[in-house]
Amino acid sequence: MGQSGGGAKVCTVLAMESARGMVHKAVALSGNASRAMDQNISREIGKYILKEAGLKESEVDKLQQMPWEEYHVLAHAAASKYSEDHPELKTTGMRMGFAPVEDGTIIPVGGYFQKGGHAENIPVIFSATTAERSLSMYEDIEDITKEEAVAYLAKNYPQYAAKAQALVDAAQKEFPSMKPIEWLDLLAWNMRPNQIASQDAKYAQGGDVYSAWFAYCPPVFDGKLRAFHTMDIAFWYQNTDMMYSHTGGGPEPRKLATQMGKTLRQFMLTGDPNSGDLPKWPKYTPEEGQLMWLDKTSKVLAKPDQAINDVLASN
């Protein structure tokens with residue numbers, strides 16, 4: 001089980017043949033990966049690092065003599081320059097920077113969830129939160145209008161600039177009871193496209209797939225926290241009273257945590273999350289797109305963000 005970068009690591013382990021027999025179930029939270037970094041990109045970033053350091057390829061060993069703090073700054077500056085020089089890669093979904101590299105030996109080339117891989121029959125839960133980054137916790141934009149949300153998205157997330165209006169319209173269509181700030185939170189750090197890509201790849205490989213979307217908004221900080229990145233960990237592990245700064249503590253979050261904790265234990269034991277505490281949780285299929293919406297009242301939904309994903313996929 002892993003969250004954020006840990007979720008991507010879970011997917012990486014599921015791709016590694018050397019992990020055969022060591023993993024029987026898996027959970028990836030707000031972090032997914034369906035492919036490692038291309039070797040050619042990795043090599044090119046390496047060349048950028050040498051150039052940034054003022055070294056020749058024959059002097060690569062000198063990098064090991066640098067203090068790690070100095071190397072860290074230098075390497076990330078080099079990776080940023082590579083990314084700036086190759087803007088076309090930003091829209092491909094290709095992993096760049098510092099990440100596992102597909103080598104055809106430890107990590108397969110061409111994608112993680114391949115037929116015949118050791119994870120072929122391993123069940124997996126994939127999940128995300130609805131407000132991975134709660135923007136109004138950092139800026140005074142809790143009461144923005146729809147028009148202001150469109151402008152904010154276009155200005156601060158240039159990859160969405162051309163589609164900002166269509167994306168906010170789609171979010172309003174899918175979630176009419178939400179406020180504009182909630183549509184913005186949902187769109188700005190949207191991990192669902194990567195989650196869906198990983199779910200679809202795992203489904204094609206084999207093994208049961210279960211999908212979730214965590215949406216609980218705790219009654220703290222005037223409700224501005226929302227379901228932010230990492231909040232769901234306390235619920236899966238039933239630590240909501242200990243993490244009261246995140247959850248508010250008390251019976252309401254504890255009830256959801258009890259449901260989620262029992263569900264997680266059932267999945268770990270049997271590969272099936274249905275413990276009876278949540279509504280019947282169906283297996284995910286790309287056609288139906290079923291997911292468990294985890295909230296004060298949890299429910300099963302089918303492709304609840306389809307309109308948003310259609311906009312993202314459009315030219």
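Residues numbered from 1 in each chain as written. Predicted model: local features only at pLDDT ≥ 70, side-chain atom pairs only at ≥ 80, totals over all residues. Heavy atoms only, no water.

Draft legend 1. Here's a closer look at the layout of surface pockets. Its boundaries defined by the atoms lining it, the second largest pocket holds a volume of some 520 Å³. Together, 25 residues line the second largest pocket, and M178, E182, A215, W293 and D295 are the ones closest to its centre. Looking at the lining of the second largest pocket, the elements that each hand over two or more residues are α6 (180–188) and β6 (299–302). Per-element accounting of the lining of the second largest pocket gives the leading share, three residues, to α6. Along the lines of polarity and charge, the residues of the lining of the second largest pocket split into twelve nonpolar, three polar and ten charged. (1 Å grid on protein atoms, 1.4 Å probe; cavity = no way out; pocket = protein on both sides within 12 Å on 5 of 7 lines; lining within 4 Å. Points joined across faces, edges and corners; volume = space filled by probe spheres on them. Helix = DSSP H or I, 4+ residues; strand = E, 2+ residues; numbered from the N terminus. Nonpolar A, V, L, I, M, F, W, Y, C, P; charged D, E, K, R; others polar.)

Draft legend 2. Structural detail: the pattern of salt bridges. If you walk through the whole model with that rule in mind, you get 14 salt bridges. Ionic pairing is found between R226 and E142, a salt bridge with its closest N-O pair at 2.6 Å. On the criterion of sequence distance, the pair formed by R226 in the loop between β4 (209–214) and α8 (231–236) and E142 in the loop between β3 (124–129) and α4 (146–156) is long-range, its members being 84 residues apart. E142 shares its class with R226; the two are buried. Note that D305 is salt-bridged to R192, the shortest N-O span being 2.8 Å. In this pair, D305 is assigned in the loop between β6 and α11 (306–313) and R192 in helix α7 (residues 192–205), connecting sequence segments 113 residues apart. Residue R192 is classed as buried on the basis of its relative accessible area, which comes to 4%. (Salt bridge = Lys/Arg side-chain N within 4 Å of Asp/Glu carboxyl O. Buried < 20%, exposed > 50% of the residue type's maximum accessible area, 1.4 Å probe, protein only.)

Draft legend 3. Fine view of the packing of aromatic side chains. Taken as a whole, this structure holds ten aromatic pairs when the rule is applied. When the ring of F175 is compared with that of W213, the centres are 6.0 Å apart and the planes differ by 75°; the resulting orientation is edge-to-face. Pair noted here: F175 is in the loop between α5 (164–174) and α6 and W213 is in strand β4, with a separation of 38 residues, a long-range link. Using a relative accessible area of 8% as the deciding quantity, one classes F175 as buried. Accessibility expressed as a relative area gives 1% for W213, which makes it buried. An aromatic cluster is defined as three or more aromatic residues linked by ring pairs; in this entry it consists of Y112, F113 and F126. Residue placement shows R133 over the ring face of Y138; its charged tip is 4.2 Å from the ring centre. The side chain of R192 reaches across the aromatic face of W213, ending 4.9 Å from its centre. (Phe/Tyr/Trp six-rings, centres within 6.5 Å; stacked < 30°, edge-to-face > 60°. Lys NZ or Arg CZ within 6 Å of the ring centre and 35° of its normal.)

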